[in-house]
Every structure is written in C-alpha cells, then in structure tokens.
Amino acid sequence: MIPEDILKSVPKVELHQHLDGGLRVPTIIELAEKQNFKLPAEDPKSLKAWFEEGCNLKSLTLYLKTFNVTTAIMQTEENLTRIAYEVVQDWKKENVVYGEVRFAPIFHTAEGLSMDRVVEAVLRGLDQGKKETGVEYGLILCAMRHQSPEISLEVAKLAVAFRDRGVVGFDLAGDESGNPPKKHLDAFQYIRKKNFNITLHAGEAFGLDSIWQAIQVCGAHRIGHGTHLIDDVNHEGLMIESMGDLAHYVLDKRIPLEMCLSSNIGTGAAESFANHPFPLFFRNHFRVFLCTDNPLMSNTSMTKEMKIASDTYGLNLKDLERVTVNAMKSSFLHHDEKLRIIYQVIKKQYADIRQAYGYSDWN
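Residues numbered from 1 in each chain as written. Predicted model: local features only at pLDDT ≥ 70, side-chain atom pairs only at ≥ 80, totals over all residues. Heavy atoms only, no water.

1. Quick notes on the nonpolar core
At step 1: Counting residues in hydrophobic clusters, the biggest one holds 115 residues, and the most contacted among them are Leu139 and Phe278.
At step 2: Ranked by residue count, the leading element in this core is helix H7 (residues 115-133), at 7 residues.
At step 3: Excluding anything up to four places from it in sequence, Phe278 contacts Met259, Leu261, Val288, Phe289, Leu290, Ala309, Tyr313, Leu315 and Val323. (Core = buried A, V, L, I, M, F, W, Y, C linked by side-chain atoms within 4.5 Å. Buried < 20%, exposed > 50% of the residue type's maximum accessible area, 1.4 Å probe, protein only. Helix = DSSP H or I, 4+ residues; strand = E, 2+ residues; numbered from the N terminus. Contact = heavy atoms within 4.5 Å.)

2. Description of the packing of aromatic side chains
At step 1: A full pass over the atoms with the stated rule returns 6 aromatic pairs.
At step 2: Plain terms: the ring middles of Phe281 and Phe286 are 5.0 Å apart, the flat faces sit at 50° to each other, and that makes the pair tilted.
At step 3: Assessed through its relative accessible area of 0%, Phe281 is described here as buried.
At step 4: Taken together through their ring pairs, the aromatic side chains of Phe278, Phe282 and Tyr313 make up a single cluster. (Phe/Tyr/Trp six-rings, centres within 6.5 Å; stacked < 30°, edge-to-face > 60°.)

3. A closer look at helix H17 (residues 335-357)
At step 1: In this model, H17 (23 residues) spans 32 Å end to end at C-alpha, consistent with the 33 Å of a helix rising 1.5 Å per residue.
At step 2: At Ile342, H17 shows its maximal bend, which comes to roughly 35°.
At step 3: On the buried face of H17, the contacting elements are helix H1 (4-9), strand E1 (12-18), strand E2 (96-103), strand E3 (136-144), helix H15 (302-313) and helix H16 (317-330).
At step 4: Looking one or two residues past H17, Gly358 carries a phi angle of roughly 75°, positive in sign. (Expected span 1.5 Å × (residues − 1). Bend = angle between axes of the 7 residues up to and from the residue.)

4. Considerations on the pattern of salt bridges
At step 1: The full count for this structure, using the stated rule, is 21 salt bridges.
At step 2: The shortest N-O distance in the salt bridge between Glu258 and Arg102 comes to 3.2 Å. Of this pair, Glu258 sits in strand E9 (residues 257-259) while Arg102 sits in strand E2; the two residues are 156 residues apart in sequence, bridging distant segments of the chain.
At step 3: What makes Glu258 buried here is its relative accessible area of 0%.
At step 4: Accessibility expressed as a relative area gives 0% for Arg102, which makes it buried. (Salt bridge = Lys/Arg side-chain N within 4 Å of Asp/Glu carboxyl O.)

5. Comments concerning the sheet that holds strand E10 (residues 288-290)
At step 1: Read from one edge to the other, the open sheet built from 8 strands follows the order E1-E2-E3-E4-E5-E6-E9-E10, with strand pairing classed as parallel. At either end of the open sheet lies a strand with only one pairing partner, and these are E1 and E10. For this sheet, the mean inter-axis angle between neighbouring strands, taken without regard to orientation, is 25°.
At step 2: By the bridge criterion, 4 bridges tie strand E5 (residues 198-202) to strand E6 (residues 222-225) in an arrangement that is parallel. Counted as the bridge partner of Ala202 is His225 from E6. (Pairing = 2+ DSSP bridges. Axes fitted to C-alpha atoms, helices over the stretch in contact; angles between N-to-C directions.)

6. Some details on the packing of H7 against helix H8 (residues 149-161)
At step 1: At a minimum axis distance of 11 Å, the contact between H7 and H8 shows a crossing angle of 45°. If you check the angle between H7 and H8, you find them oblique. Considering how the two elements wind past one another, H7 and H8 form a crossing that is right-handed. Seen from H7, the contacting residues are Met115, Asp116 and Val119; seen from H8, they are Glu154, Val155 and Leu158.
At step 2: Taken together, the residues of the contact of H7 with H8 sort by class into 4 nonpolar, no polar and 2 charged. (Parallel < 35°, antiparallel > 145°, perpendicular 65-115°, else oblique. Left-handed = near helix turned anticlockwise from the far one by under 90°. Nonpolar A, V, L, I, M, F, W, Y, C, P; charged D, E, K, R; others polar.)

7. Brief notes about the environment of Ser263
At step 1: Counting through the fold element by element, Ser263 comes out in helix H12 (residues 261-267).
At step 2: Here Ser263 falls in the buried class, since its relative accessible area comes to 0%.
At step 3: Every residue in contact with Ser263, bar those within four places of it in the chain, is listed here: Tyr63, His225, Thr292, Asp293 and Ser298.
At step 4: A distance of 2.6 Å separates polar atoms of two side chains, one belonging to Ser263 and the other to Asp293. (Polar contact = N/O pair within 3.5 Å; in protein donor to acceptor, adjacent residues only side chain to side chain.)

8. Topic: the packing of helix H10 (residues 208-217) against helix H11 (residues 245-252)
Packed helix pairs are specified by the crossing angle of their axes together with the interaxial distance, meaning the distance between the axes.
At step 1: Contact geometry of H10 with H11 gives a least axis separation of 11 Å together with a crossing angle of 45°. Between H10 and H11, the angle is such that the two are oblique. Both H10 and H11 take part in a crossing whose hand is left-handed. On H11, the residues that touch Leu208, Ile211, Trp212, Ile215 and Gln216 of H10 are Leu246, Tyr249 and Val250.
At step 2: Here the residues of the contact of H10 with H11 are counted per class, giving 7 nonpolar, 1 polar and no charged.

Honestly, that's just the spatial picture; any functional story needs more than this.
Here is the structure:
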C-alpha cells in the first residue's frame with residue numbers, strides 16, 4: 001500500500017468527470033441561496049450525505065436524482081463559469097496535470113441560455129482555471145441517449161464549432177437500456193466526417209451489444225466505463241483463459257476504457273471493488289485507466305481512486321505511472337502535446353517522487 005501523501009503528490013490524468021457531478025457543496029449552498037432554490041438539506045454535512053445516498057445504497061435512481069439539483073443551479077453564465085473554474089482548482093489540489101471534463105449543454109438552457117452561450121461560459125471558467133493553475137484541460141460535449149437524434153446532431157455540430165477553443169470531443173451519455181446509440185448515428189457520422197473525437201458511455205448498465213454498437217456502429221475512440229466487457233472474457237482470478245472476438249478487438253486495437261471504480265460500485269455496474277474488472281484488464285494489458293465520474297455523488301477524487309487501486313489490487317508506484325500514461329495516451333490532445341506531457345511532466349514527476357521517497361524503478 002502506498003502512503004496517501006505520496007498518492008496525492010503523483011501526477012494524474014482525469015478523462016471522465018461530469019461537470020454537474022463535481023460541484024463543491026459550499027458552492028451549491030451559496031448559489032442556491034442566491035436564486036432562492038430550495039435544497040433537500042440546508043447544512044453542508046447533511047447535503048453532502050444526501051448527494052452520496054444513491055451511491056451508498058447502490059441505487060441508480062437515487063444517484064441520478066441528485067443531478068436535478070446540480071443542474072438547477074447551473075442555468076446562468078456566471079454560475080457555469082464559476083463551477084468550471086472550481087473544477088480546475090480542485091484538479092490542481094489533486095495534482096491532475098491534464099483533465100477532460102464533460103457535460104450536456106442542453107441541460108443548462110432551461111432559463112433561456114443558448115447552447116452556444118452555455119459552452120462559452122464553461123470555457124471561460126476552464127480558461128481562467130488554467131491561467132491560474134497551469135492545469136491543462138479539454139472539454140467534451142455530451143448528447144443524451146433518451147433525447148431526440150436532432151438534438152444530438154446539434155450538439156455534435158457545436159462540439160466541432162468549438163474545437164479550436166477547448167472542446168476536444170463528443171460523448172453520448174444516459175440510460176443504455178432501450179436507448180441504443182445507433183439511434184444517434186447522424187451525430188456520430190458528422191463527428192467522424194469532421195475528423196473529430198468520440199467517447200461513448202457503454203457497457204456500464206447494459207451488456208456487450210452496447211459496447212459493440214459504440215465501437216463498430218458509432219466509431220467510438222474510447223469507451224466510458226465498459227465494465228460489461230468482462231462478459232466476453234473467461235478467466236480464473238487474474239488469468240485470462242479465453243476471450244471472445246469483441247474483447248480481443250478492444251485489446252488488439254488499444255481501445256481505451258475509462259474505468260470509474262467508486263462510481264461503478266455505487267451504481268451497481270460492478271458488485272464490489274473485489275469483483276471489479278479493472279485489475280483483470282490492467283494486468284492483461286488492456287488500455288485502462290482511472291477516473292472519478294462524479295466526485296460529488298461518489299465521494300471520491302483521483303487520489304481516492306488511486307488508493308483503492310493500490311490497497312485493493314496491489315498496484316505499486318510503477319503501476320500507477322503506467323495507468324497515468326495510459327490515460328495521457330488516450331486523451332484527445334494532439335499527439336505532440338501528449339508526448340510533451342508524458343515525458344516532460346508525468347515521467348519526470350514520477351522519477352522525482354521515486355528518488356525523494358527511496359522507491360526503486362520497479363515499484
């Protein structure tokens with residue numbers, strides 16, 4: 001087990017965090033009071049517990065209910081800018097050297113904002129955070145599975161329109177059951193024709209067909225969660241005995257899997273940390289890495305996710321460096337920028353930490 005102070009100091013890369021799932025509790029209370037929005041609890045401790053209830057009870061319904069509160073106070077440009085700014089500040093405290101945050105612009109138009117103005121407001125906050133902290137970022141725009149394909153295409157076009165201002169990709173999120181991604185094919189075809197980036201929530205609450213559609217029909221470059229890929233793997237402990245064609249394809253093509261340990265346990269995508277497929281995928285060289293998903297609802301951080309991986313799966317410092325490099329390789333930055341961060345930031349900081357704490361190159 002690696003001491004927590006070392007885990008906090010190592011460089012990290014976060015590629016799957018939702019903007020409306022990472023607010024600070026004091027910020028929620030302050031902004032709700034300003035706009036006379038009634039919260040389910042008034043004091044910080046009780047409100048924090050309310051947001052975490054779904055995860056603690058493994059209730060997806062309760063988990064999703066909490067987003068009605070966060071999105072309700074994210075309907076003005078000022079609030080969106082502040083919340084995005086605080087995300088980057090919080091990354092800095094965790095030594096996240098590069099992060100990608102995602103959100104669905106359509107959820108923030110209830111009081112009259114256009115999606116363009118919503119995206120501009122979020123980018124202002126991220127830019128301000130980057131200037132003050134040096135943390136580099138990318139913004140991913142989400143469409144929702146349950147909404148009309150016309151809205152998805154609009155979001156796809158918006159993502160491409162902002163590609164030179166900080167937007168790095170397009171995502172499809174929401175309930176997988178009964179909402180196959182192929183319904184939104186026009187949006188994915190638009191993104192692909194524009195040589196842009198796709199990550200897609202798949203294999204979290206539904207099976208292999210969801211992952212197959214994401215990759216082979218929609219052209220996903222990364223998979224959000226992908227826990228159900230384990231259904232295509234026969235294994236004994238961490239030893240793989242055989243794999244189906246889909247698992248082989250994901251492994252062979254180095255398709256990244258954005259793994260969110262705490263979130264997956266809280267929503268029931270995985271039964272327990274002990275049964276989570278992450279260590280099996282990692283030890284067998286799938287391109288996996290750690291993410292927080294929704295730090296507020298899952299009461300987590302990148303440091304906590306690394307601690308779980310260290311304490312539960314025995315990952316050492318070298319393993320965590322590999323996880324971090326996996327993430328950076330899988331980011332939606334351009335290739336030369338990835339290499340710069342990998343060699344000038346991540347590998348350098350890990351080498352400095354090993355030297356400072358007396359670790360060898362093998363642990």
